[in-house]
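Here is how the chains run, residue by residue.
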Amino acid sequence: MVVFACNPCPCGQFSGRGRSCECGPVERRNYRKRMSGPILDRIDITRHVEPTGPIDRDPRVASPESSEQVRARVTAARLRQLQRYDGRPWRTNGQAPGALLERHWPMERAAHVLVDAEVYGGRLTRRGATRVHRVAWTLADLRGVDIPTKDDAAVALRLRQGHPLMASTLRRVG
Ligand SMILES: [Zn+2]
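My aim in this report is to walk through the structure given alongside it, one point at a time. (Residues numbered from 1 in each chain as written. Predicted model: local features only at pLDDT ≥ 70, side-chain atom pairs only at ≥ 80, totals over all residues. Heavy atoms only, no water.)

**So, the pattern of salt bridges**
Here comes step 1: Summed over all chains, the structure comprises 10 salt bridges.
Here comes step 2: Measuring nitrogen to oxygen at the nearest pair gives 2.5 Å for the salt bridge that ties D44 to R131. Of this pair, D44 sits in the loop between α2 (37-40) and α3 (67-84) while R131 sits in helix α6 (residues 126-143); the two residues are 87 residues apart in sequence, bridging distant segments of the chain.
Here comes step 3: R123 serves as the salt-bridge partner of E118, at 3.1 Å between the closest nitrogen and oxygen.
Here comes step 4: Since its relative accessible area comes to 52%, R123 is described here as exposed.
Here comes step 5: Connected via shared salt-bridge partners are R80, R84, D141 and D146. (Salt bridge = Lys/Arg side-chain N within 4 Å of Asp/Glu carboxyl O. Helix = DSSP H or I, 4+ residues; strand = E, 2+ residues; numbered from the N terminus. Buried < 20%, exposed > 50% of the residue type's maximum accessible area, 1.4 Å probe, protein only.)

Spelled out as structure tokens, the structure:
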């Protein structure tokens, strides 16, 4: 796994919480453009992380899940992948060749329609579509279901495009 991290703007203070950032929109856009398109195209998940505030440390809103619970779900998801790709030279969704994924392990039809619409609309490259397909499989594996649904594809697209997740899909995936 490769993880990149960068500041939201040249000074590093920009956020939705009114910190003291004096960078203009053009400066922020130019700063983000320093990451080249072909590199960004290979990043499966983009998340914007807000600075933590007092509310994040409030136990009433803290994540109800422990690391052990999350680990158990990830272990189960990886086991599903190991079983699904039994006899193949790869073990995880992230390693599965795109062409074989399309042929042998498709998503639900509605999921492919959704992803194809992004490709035809010029918002997603073919390579990006393969990566969305892989992430959708991982979401299905985390939920313990046998095929990625349109919801899984929608969440994978939002994860890729850095968009906030919808509460409705979060409940289904979580
Ligand atoms: Zn700034």
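**Some points on the packing of aromatic side chains**
Here comes step 1: Within the structure shown, the criterion is met by three aromatic pairs.
Here comes step 2: Seen in terms of ring centroids, Y85 and W105 are 5.0 Å apart; in terms of plane orientation they differ by 85°. Their pairing is edge-to-face. Of the two residues, Y85 is situated in the loop between α3 and α4 (98-104) and W105 in the loop between α4 and α5 (109-120); the sequence distance between them amounts to 20 residues. For the pair Y85 and W105, a shared accessibility class is recorded, and that class is buried.
Here comes step 3: Both rings, one in W90 and one in W105, keep their centres 6.1 Å apart while their planes meet at 90°; by these two values the pair is edge-to-face. (Phe/Tyr/Trp six-rings, centres within 6.5 Å; stacked < 30°, edge-to-face > 60°.)

**Quick notes on the side chain of T92**
Here comes step 1: Within the secondary structure, T92 is located in the loop between α3 and α4.
Here comes step 2: Apart from residues no more than four positions distant in its own chain, T92 is found in contact with R78, Q81 and Y85. (Contact = heavy atoms within 4.5 Å.)

**Quick word on the coordination of the zinc ion**
Expected angles at a metal are 109.5 degrees for tetrahedral coordination by four donors and either 90 or 180 degrees for octahedral coordination by six donors.
Here comes step 1: Around the zinc ion, the donor atoms from the protein are C9 (SG), C11 (SG), C21 (SG) and C23 (SG), and they sit 2.3 to 2.4 Å away.
Here comes step 2: Relative to the metal, the four donor atoms surrounding the zinc ion lie at angles of 106 to 115°, and the coordination shape comes out tetrahedral.
Here comes step 3: Taken in chain order, the donor set of the zinc ion reads C-x1-C-x9-C-x1-C.
Here comes step 4: Overall, C11 belongs to the partly exposed group, its relative accessible area being 38%. (Donors = N, O, S within 2.8 Å, 3.2 Å for Na, K, Ca; no water. Tetrahedral: all angles 85-135°; square planar, octahedral: opposite > 155°, others 65-115°.)

**Considering the environment of L142**
Here comes step 1: Relative to the elements of secondary structure, L142 occurs in helix α6.
Here comes step 2: Residue classification places L142 among the partly exposed positions, given a relative accessible area of 27%.
Here comes step 3: Along the sequence, L142 and R80 sit 62 residues apart, while their C-alpha atoms lie 9.0 Å from each other.
Here comes step 4: Beyond its immediate sequence surroundings of up to four residues, L142 is in contact with R73, V74 and A77.

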